[in-house]
Amino acid sequence: MGANRTTPICNEDALNHMSNLCDKFTLTWMEAKFLRFLKIVGVGYKARAEAEGRLLYLKLGYVHDVELTVPSAVRIFCLKNNVVCCCGLDKHRVHQFAASVRSRKPPDPFKGKGIMCADEVIKKKVGKKKSK
């Protein structure tokens, strides 16, 4: 069996897309000094940003959408419907908001579903064994 290879989220295409979004929302690279990529894993789990990166809507398997208001020092971009980029000038606020988004659906150690940082590695646990 070969090793599982995953493609990095923060590659050249993602940064190109980020620069296009910066042009679209008149955001300069100076405002995007600190970046935090969040990966949403799960069937039907999606994210969308509205109001020029000021509102974040998450579909996380609940009956309703989770709506988050983004602080003024942070901007949100959805690179795909399952990859969210938090950027801003203040490192503490960017990471704090990313942590609050992650806390809405933390990664499950058994299935691997949930919201996780792009560089985070989830060690999967083994479930219960059936006895015959």
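Not measured: the values here are computed from a predicted model.

## So, the confidence of the model for the protein chain
Item 1. Mean pLDDT over the protein chain works out to 80, with 76% of the residues at or above the 70 mark.
Item 2. pLDDT under 50 marks residues 1–9. Its contacts with residues more than four places away, or in other chains, come to 5 contacts.

## Describing the nonpolar core
Item 1. Ranked by size, the top nonpolar core spans 20 residues in total, and within it Leu38, Ile40, Leu56, Leu58, Cys86, Phe97 and Val101 carry the most contacts.
Item 2. For this core, the element with the highest residue contribution is helix H2 (residues 91–102), accounting for 4 residues.
Item 3. Excluding residues within four positions of it along the chain, phenylalanine 97 makes contact with Leu56, Leu68, Thr69, Val70, Pro71, Val74, Ile76 and Cys86.
Item 4. Residues Ala32, Phe37, Val83 and Cys87 belong to the second largest nonpolar core, which totals 7 residues.

## Digging into the sheet that holds strand S2 (residues 46–50)
Item 1. The antiparallel open sheet is built from 3 strands, whose spatial order is S2-S3-S4. Of all the strands in the sheet, just S2 and strand S4 (66–69) have a single pairing partner and so form its edges. Taking the axes of each pair of neighbouring strands and ignoring which way they run, one obtains an average angle of 20° across the sheet.
Item 2. The pairing of strand S3 (residues 55–59) with S4 spans 4 bridges and is antiparallel. Across the sheet, the residue bridging to leucine 58 is valine 66, located in S4.

## What to know about the pattern of salt bridges
Item 1. Applying the stated criterion across every chain yields a total of 4 salt bridges.
Item 2. Of the charged contacts, one joins arginine 93 and aspartate 90 as a salt bridge, the two residues approaching to 3.6 Å between their closest N and O atoms.
Item 3. Owing to a relative accessible area of 33%, aspartate 90 belongs among the partly exposed residues under this scheme.
Item 4. Through salt bridges that share partners, Arg48, Glu50 and Asp65 make up one connected network.

Procedures and definitions
- Residues numbered from 1 in each chain as written.
- Predicted model: local features only at pLDDT ≥ 70, side-chain atom pairs only at ≥ 80, totals over all residues.
- Heavy atoms only, no water.
- pLDDT = per-residue confidence, 0-100.
- Contact = heavy atoms within 4.5 Å.
- Core = buried A, V, L, I, M, F, W, Y, C linked by side-chain atoms within 4.5 Å.
- Buried < 20%, exposed > 50% of the residue type's maximum accessible area, 1.4 Å probe, protein only.
- Helix = DSSP H or I, 4+ residues; strand = E, 2+ residues; numbered from the N terminus.
- Pairing = 2+ DSSP bridges.
- Axes fitted to C-alpha atoms, helices over the stretch in contact; angles between N-to-C directions.
- Salt bridge = Lys/Arg side-chain N within 4 Å of Asp/Glu carboxyl O.

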